[in-house]
Amino acid sequence: MQRESKASSIACIALVGKKVLIAHRNPTGQMGGRWEFPGGKVEAGESDTEAVIREFREEFGVDVTVGEEIAEAGFVHNGTDVTLHAYRVFVPHDGLEIPYVLTEHTGYRWAGIDEVEGLSFVDSDLKLYPAVRQYIEALPDNA
């Protein structure tokens, strides 16, 4: 089967302490109803940083600051090779006292990285999981 050119996606690793923001996808579409690190496709002409900022604004209604790249992984989506880049993201608040405005998810929560393995998580994000876990575990306790 012939594959199209490479595509790029981003995963956003927002942390409060050592808890990571995970979101529950709407029930429709591929991987619907599963948990994920927020993120999405990088649009044509858009940098990864611009994609992270756009995705958080569209999906959660907040402006974020983008930090370092944590990990990357490859996967195939509908015959297209995709490179998924995970970035540290700094949110302006935790979305608890002032809830995030959701457009693509039915809910969100702050989870310990160990919890991810026990959830129905999207396949592509699970490819990032070992590196994200290592990154979080290496953070100082007051990070």
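For the structure itself, consult the block above.
The rules behind the values
Residues numbered from 1 in each chain as written. Predicted model: local features only at pLDDT ≥ 70, side-chain atom pairs only at ≥ 80, totals over all residues. Heavy atoms only, no water. Helix = DSSP H or I, 4+ residues; strand = E, 2+ residues; numbered from the N terminus. Rg over C-alpha atoms; globule rule 2.2 N^0.38 Å. Buried < 20%, exposed > 50% of the residue type's maximum accessible area, 1.4 Å probe, protein only. Contact = heavy atoms within 4.5 Å. 1 Å grid on protein atoms, 1.4 Å probe; cavity = no way out; pocket = protein on both sides within 12 Å on 5 of 7 lines; lining within 4 Å. Points joined across faces, edges and corners; volume = space filled by probe spheres on them. Nonpolar A, V, L, I, M, F, W, Y, C, P; charged D, E, K, R; others polar. Pairing = 2+ DSSP bridges. Polar contact = N/O pair within 3.5 Å; in protein donor to acceptor, adjacent residues only side chain to side chain. Core = buried A, V, L, I, M, F, W, Y, C linked by side-chain atoms within 4.5 Å. Salt bridge = Lys/Arg side-chain N within 4 Å of Asp/Glu carboxyl O.

## Looking at the overall build of the chain
Thought 1: From N to C terminus, the chain includes 2 helices and 7 strands.
Thought 2: Of the regular secondary structure in the chain, the N- to C-terminal order runs β-β-β-β-α-β-β-β-α.
Thought 3: Computed over the C-alpha atoms, the radius of gyration of the chain is 15 Å, within 12% of the 15 Å expected from 2.2 N^0.38 for a compact globule of 143 residues.
Thought 4: C-alpha atoms of the chain, sized along the principal axes, occupy 50 × 30 × 30 Å.

## What to know about the environment of Arg54
Thought 1: Looking at where Arg54 falls in the secondary structure, it is placed in helix H1 (residues 48-60).
Thought 2: On the accessibility criterion, Arg54 (18% relative accessible area) is buried.
Thought 3: Once residues lying within four places of it in the same chain are set aside, the contact partners of Arg54 are Lys41, Glu43 and Glu46.

## A word on the layout of surface pockets
Thought 1: Each pocket or cavity is described by its volume, and for the largest pocket that value is around 820 Å³.
Thought 2: The wall of the largest pocket is formed by 32 residues, among which Arg25, Glu36, Gly40, Lys41 and His77 lie closest to the centre.
Thought 3: Breaking the lining of the largest pocket down by element, the ones donating at least two residues are strand E1 (4-16), strand E4 (39-41), H1, strand E5 (65-77), strand E6 (80-90) and helix H2 (123-138).
Thought 4: Of the residues forming the lining of the largest pocket, the biggest block, 5 residues, is contributed by E1.
Thought 5: For the lining of the largest pocket, the residue count by class is 10 nonpolar, 13 polar and 9 charged.

## Digging into the side chain of Thr83
Thought 1: By the secondary structure assignment, Thr83 is in strand E6.
Thought 2: Setting aside its immediate chain neighbours within four residues, Thr83 contacts Lys6, Ala7, Ser8, Ser9, Glu72 and Ala73.

## Points about the pairing of strand E2 (residues 19-25)
Thought 1: The pairing of E2 with strand E7 (residues 105-112) spans 7 bridges and is antiparallel. Bridge pairing links Ile22 to Arg109 in E7.

## A short note on the side chain of His105
Thought 1: Structurally, His105 is set in strand E7.
Thought 2: Separated by 2.6 Å, the side chains of His105 and Glu36 make a polar contact.
Thought 3: When near neighbours in sequence (up to four residues on either side) are disregarded, His105 contacts Ala23, His24, Arg25, Asn26, Glu36, Glu59 and Phe60.

## A few points about the pairing of E5
Thought 1: Where E5 meets E6, 10 bridges bridge the pair, whose relative direction is antiparallel. Each bridged residue has a counterpart across the sheet, and for His77 the counterpart in E6 is Thr80.
Thought 2: Joining the antiparallel neighbours E5 and E6 is a turn of 2 residues, in which Asn78 adopts a positive phi near 50°.

## Quick notes on the nonpolar core
Thought 1: Ile13, Val20, Phe37, Ala86, Leu128 and Val132 are the most contacted members of the largest nonpolar core, which has 24 residues in total.
Thought 2: Breaking this core down by element, the ones donating at least two residues are E1, E2, E5, E6 and H2.
Thought 3: Sort the elements by how many residues they give to this core and H2 lands first, with 5 residues.
Thought 4: In contact with Ile13, not counting residues within four places along its chain, are Val20, Phe37, Ile70, Ala86, Tyr87, Arg88, Val89 and Val132.
Thought 5: Listed in part, the 18 residues of the second largest apolar core include Ile10, Ala23, Val42 and Val91.

## As for the pattern of salt bridges
Two side chains that carry opposite charge are able to pair once their charged atoms sit near each other.
Thought 1: In total, this model carries 11 salt bridges according to the counting rule given.
Thought 2: One salt bridge in this structure joins Arg25 and Glu36, with 3.0 Å as the shortest N-O distance. Here Glu36 lies in strand E3 (residues 35-36) and Arg25 lies in strand E2, a separation of 11 residues in the sequence.
Thought 3: Relative accessible area serves as the criterion here: at 25%, Arg25 is assigned to the partly exposed category.

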